[in-house]
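# Descriptive analysis of the structure
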Amino acid sequence: MAITLTTRWLQAMAALALLAAAGSHTELNAQGFGSNETVDRIIGSEVKQEETRTSTEAGKVSSAIDRTRENIGTVRKTSKLDKVDIVFLTDAARSEGGPPPAIETKIKQHQDDIAELRKEIEANALLFNAIDSRRVAAEDVLAIEFDDPGKVVIYAAAKPSG
């Protein structure tokens, strides 16, 4: 009898825990990423975006790609940032045929490092939520640059949504 009561009590507690978890998940989904205030509260950083052509940022993107290996370590350690800048390289988006030849060559030279960087971004809650809030897939990230303390620039071969 005691075992049956203990088992039922454990089952009831597990069910309550599941309901509580489902309720908080629903609240997060209902909150959405629709407002900048919500994004800032979740990420804890100001998230800005800009659109440009790859030719305008070619030097910076190329340099950031060359530093991908060292930036992977920084991504792993990053848990707080003051500012996240997402630079949409609109002419490098897949729908536009992908990055121009000079950048594509750099990407091929560092393809393993870039693949690892993308995995680290997906594993980093702050960075993942920052790009996700702007509907950027990790696979569209070409490079990341930590140019000032507390600030990161993420270069994405994508177009902003909507």
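Residues numbered from 1 in each chain as written. Predicted model: local features only at pLDDT ≥ 70, side-chain atom pairs only at ≥ 80, totals over all residues. Heavy atoms only, no water.

## Re the pattern of salt bridges
Counted under the stated rule, the structure contains 13 salt bridges. For E96, the salt bridge goes to K159, with nearest N and O atoms at 2.5 Å. Placement of the pair is E96 in the loop between β2 (83–89) and α5 (101–109) and K159 in the segment after β4 (151–156), with a sequence separation of 63 residues. Each of R69, R76, D113, E116 and E120 takes part in one network of salt bridges that share partners. (Salt bridge = Lys/Arg side-chain N within 4 Å of Asp/Glu carboxyl O. Helix = DSSP H or I, 4+ residues; strand = E, 2+ residues; numbered from the N terminus.)

## Quick look at the sheet that holds strand β3 (residues 141–148)
Sheet architecture is open: four strands sit in the order β1-β2-β4-β3, paired in mixed fashion. One side of each edge strand has no neighbouring strand; the edge strands of this open sheet are β1 (46–52) and β3. Pairwise comparison of adjacent strand axes, ignoring direction, gives a mean angle of 20 degrees for this sheet. Taken together, the six bridges between β2 and β4 define a ladder with parallel strand orientation. The residue bridging K83 from the neighbouring strand is K151, located in β4. Helix α3 (residues 54–66) contacts β1, β2, β3 and β4 of the sheet and is inclined by roughly 80 degrees relative to β3. (Pairing = 2+ DSSP bridges. Axes fitted to C-alpha atoms, helices over the stretch in contact; angles between N-to-C directions. Contact = heavy atoms within 4.5 Å.)

## Some points on α5
Listing the buried residues of α5 in full gives I103, K106 and I107. All buried residues of α5 project into a common sector of 100 degrees when viewed along the axis, lining one side. For α5, exposure combined with an orientation more than 90 degrees from the buried face picks out P101, A102, K108 and Q109. Turning to α5, the residues buried within the fold contact α3, α6 (111–123) and β3. (Buried < 20%, exposed > 50% of the residue type's maximum accessible area, 1.4 Å probe, protein only. Arc of directions from axis to C-beta.)

## Observations concerning the nonpolar core
Counting 22 residues, the largest nonpolar core has V84, I121, L127, I131, I144, V152 and I154 as the members making the most contacts within it. Among the elements of the structure, α4 (68–77), β2, α6, α7 (125–133), β3 and β4 are those that each provide at least two residues to this core. In terms of residues, this core owes the most to one element, α7, which gives four residues. With residues up to four places along the chain from it excluded, the contact list for V152 reads L81, K83, V84, D85, L127, I144, E145 and F146. In this structure, I65, V87, I103 and A143 belong to the second largest nonpolar core, which totals 14 residues. (Core = buried A, V, L, I, M, F, W, Y, C linked by side-chain atoms within 4.5 Å.)

## Some remarks on the pairing of β4
Along β4, five of the six residues are buried, which leaves the element largely enclosed by surrounding structure. As paired elements, β3 and β4 share five bridges and run antiparallel to each other. Looking at β4, one finds that D148 is bridged to K151. Between β3 and β4, which follow one another and run antiparallel, lie two residues, and G150 among them has a positive phi close to 85 degrees.

## Side note on the side chain of K106
For K106, the location among the structural elements is in helix α5. Residues within four places of K106 in sequence aside, it is in contact with S62, I65 and D66.

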